[in-house]
Amino acid sequence: MTERDRVTLNDARGPVNNGVGSQYIFYGIGTDRVIRKRVGPLPIIHEDRMRLADRFVPPVGYRVAVDRLEKPGSVVLLGAPPGSGRRAAAIMLLHGLGEEGGADEDGVRFEELPATDKDEEPFAPGQGDRYLLDLSGVTDEETYAAAQHRLAVRRSQVQEAGAHLVVVLPSGLEHAHVPDLEPHTVTLGRPRGVAVVTRYLRMDRMVFRAADLGSADLQRLCDRSPMRELARLAGLVRTARDSGRFGADFAGWLDQAMHAVTDRAHEVGRQVAAARTAPERALLLATAMFEEAGADTVYEAWHGLMRTVRHEEEATTELARTDFGERLAALGIERAPDGPLRFERLAYADAVRTYFWTNFPGLRHDLRDWVGEGAGLRGLTTDDRVNVVVRFGKQSLAVGRPDHLFDLVVRWADSATGASCDPRAVAALELGLSHERFGGWFRRRMNDCARSGSLSDGLVRALTVVCVQSLGATHPDQAMVRLHHLAVRTGEAAREAQEALFDLARRDGRLYRLLIDRVRERTHRDPRRAEPHLRLLAELLRSDRAPDPPRWPDLFLGWEAVLSLPPTEHWKPLVNSWLNAVARDSTREMALGVLVRATHGRPAALHRLYSIAYDWARPGPHASRAPVAARFWRHIDQAQYARAGSADRAGAGPRTTEEAR
């Protein structure tokens, strides 16, 4: 196909929807979830996978991949051209395993593995676990060789555990494939584009006939456009319908959507070329960024942009200038009856934003600073602010500047007051994490930030919320690591991070064990800096933090670490919590013996446990405490006698193999 024959769609080139569906993010910690906003796909989330399943059209070769993946321990590598829906196909292959009524099996993990070793975490698959490894973004042979080496190790682990792994292979590097992986490779073709559009329209309850999709222009789009752009086309048809501004019939809505995806870039280019003055161009961009906000707010943002780019004010008074309404009309901007501004043409604002970020690279730093201030204008609702963040973020990521988006995350989070969490910072982080190309960059940047020196409470809160509500769903191990770094800080925000960490670990026994191992390792690595980690470990091991039912081997390892190190001030709340648990529930009785064994019979530790239990069981209204304390003391006495006997035998020397044991 030549450049002359190619049909292009003027996409935002940012984190677009792969058909997986929109993701809801919540701002707040714990139960304070009061705001939510659609910002982009997080395709491993079950609800989004269910939405994709409703819209998914299997590509050529899909059935072969399904058959290959069914066996436990199977690994399937997908080779497919870009734009064929290869990532969506990989997700659907894994989604279809073990589904009963659309629900995931209890305890089965569905996670995406990092494509590079920069994000590497310990990999310990379990029976039936499902993993996605997307290497489609790899472009050089060196990176691909390293990725295939790690894949070989993971493949053996998946096979041994009886898990399932689907890998999306990069395009253009077929010559660099390792021969050993060839038997696991399935080549996928392209789904019928018109079938994809039809499926999306049907799921949006669109009423139309098959003949309505028969135009030659639409057929060319369906034959040549990436699947994500076809999904965008169908979404624009729905937007045209729902807006009520583009007629009342399907043909009119489809026509508007077709123009939006094929003509908008050229239209914007012609308009910007005709609008030669800085105020005209600034008003065009301000409206595109703040579309659907009130006219006064757009006016304020417009003047803010001109100040940011250092445009000199006109010498004449405002009364002598062209009025605001006339300027809007000249640019094709209409004012709705209830006040918000919008462009007359469908999806025109998106094309305007893309044009300015693409064609004015020298302005990008200024645009970052302008959005940093403008997203806080008083006339904006919270939804308006998040819309501005998402629009800016998409453009920054499209031109390869994730740092601009993260700069604003820090700026907005640092400006948060009181116990609040700035929704702009959270929305920006969510958007970055969901981006196929820069998701790993944001995960690494979050980790660097969490490990750095001083952080504002606002930034700690933003990182915590995103770990809980986004990263915890797609990369739980990485969420745990980042929350651990935040939780060992001081202050109220750090305590909120600690609670979020405990909640994440309590819901997953595997994560609970990993966290215990991780914190234990930190307490032994540098005893001089062990205090915050030891304090965290003591809190984690309390009865109200542990999974139900308790995992006694895990608890033993944790208690062993706490009871082997000073200060003993951490011991009392920990031991009391388990004494209370045993008093309430006899099934927790094993805690008494495990706690004592964790001391390894050290006299000072046993004496301290005895004293804690004595204070806990003092005469009072809790009559049930005395029997529990008595049983605990018996365990302590037995440990002391065993130690004394061991000491006697050590002096005389073991006489038999059994005694030596």
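Just so it is clear, the structure is predicted and the values come from calculations on it, not from any experiment.

**Q** Looking at this model, I keep getting lost on the nonpolar core. Mind explaining?
**A** The nonpolar side chains of a soluble globular protein tend to be buried, and buried together. Core analysis: the largest hydrophobic core is formed by 127 residues, its most contacted members being Phe290, Trp370, Trp559, Trp578 and Phe632. A per-element tally of this core places helix H19 (residues 457-474) first, with 8 residues. When neighbours within four sequence positions are excluded, Phe632 is seen to be in contact with Val575, Leu579, Leu592, Leu595, Val596, Leu609 and Ala613. Membership of the second largest hydrophobic core comes to 29 residues, among which are Leu221, Leu230, Trp253 and Met258.

**Q** Sorry, what's going on with the packing of helix H16 (residues 402-414) against helix H17 (residues 423-433) here?
**A** For any two helices packed against each other, the geometry comes down to the angle between their axes and how far apart the axes lie. One can describe the packing of H16 onto H17 by two numbers: an axis separation of 8 Å at closest approach and a directional angle of 155°. Relative to H17, H16 is oriented roughly antiparallel. Where H16 crosses over H17, the two elements pack in a sense that is left-handed. Along the contact surface, H16 presents Leu405, Phe406, Val409, Trp412 and Ala413, while H17 presents Arg424, Ala425, Ala428, Leu429, Leu431 and Gly432. Residue composition of the contact of H16 with H17, grouped by class: 9 nonpolar, 1 polar and 1 charged.

**Q** Teacher, can you tell me more about the pattern of salt bridges here?
**A** Side chains bearing opposite charge may pair, as long as their charged atoms lie close to each other. One pass over the full model with this rule turns up 45 salt bridges. Among the salt bridges present, the one from Glu111 reaches Arg109, with a minimum N-O distance of 3.0 Å. For the pair Glu111 and Arg109, one class covers both residues: buried. A salt bridge links Arg520 to Asp517; the shortest N-O distance between them is 3.7 Å. Here the residue Arg520 and the residue Asp517 both occupy positions in helix H22 (residues 509-525), the gap between them amounting to 3 residues, near one helical turn. On the basis of relative accessible area, Arg520 is assigned to the buried category, the value being 19%.

**Q** What exactly am I supposed to notice about the confidence of the model for the chain here?
**A** Caution applies to low-pLDDT regions: their predicted coordinates should not be interpreted in detail. Residues of the chain with pLDDT of at least 70 account for 87%, and the chain-wide mean is 87. Here helix H29 (residues 657-660) is the element of the chain with the lowest mean pLDDT, 27, and helix H14 (residues 364-374) is the one with the highest, 98. Low pLDDT (under 50) marks residues 1-43, which in the prediction has 134 contacts with non-local residues, meaning those over four places away or in another chain.

**Q** When you look at the packing of aromatic side chains in this model, what are you seeing that I'm missing?
**A** For any pair of aromatic rings, geometry is given as the distance between the ring centres together with the angle between the planes. In this structure the tally under the stated criterion is 18 aromatic pairs. Ring plane angle 20° and centroid distance 4.9 Å describe the contact between Phe208 and Phe250, whose orientation is recorded as stacked. Of this pair, Phe208 sits in the loop between helix H5 (193-203) and helix H6 (216-224) while Phe250 sits in helix H8 (residues 250-262), and the two are 42 residues apart along the sequence. In this structure Phe208 comes out as buried when scored by relative accessible area, which is 9%. Considering the side-chain rings of Trp357 and Phe392, the 5.9 Å spacing of their centres and the 70° angle between planes classify their relative orientation as edge-to-face.

Cut-offs and rules
Residues numbered from 1 in each chain as written. Predicted model: local features only at pLDDT ≥ 70, side-chain atom pairs only at ≥ 80, totals over all residues. Heavy atoms only, no water. Core = buried A, V, L, I, M, F, W, Y, C linked by side-chain atoms within 4.5 Å. Buried < 20%, exposed > 50% of the residue type's maximum accessible area, 1.4 Å probe, protein only. Helix = DSSP H or I, 4+ residues; strand = E, 2+ residues; numbered from the N terminus. Contact = heavy atoms within 4.5 Å. Axes fitted to C-alpha atoms, helices over the stretch in contact; angles between N-to-C directions. Parallel < 35°, antiparallel > 145°, perpendicular 65-115°, else oblique. Left-handed = near helix turned anticlockwise from the far one by under 90°. Nonpolar A, V, L, I, M, F, W, Y, C, P; charged D, E, K, R; others polar. Salt bridge = Lys/Arg side-chain N within 4 Å of Asp/Glu carboxyl O. pLDDT = per-residue confidence, 0-100. Phe/Tyr/Trp six-rings, centres within 6.5 Å; stacked < 30°, edge-to-face > 60°.

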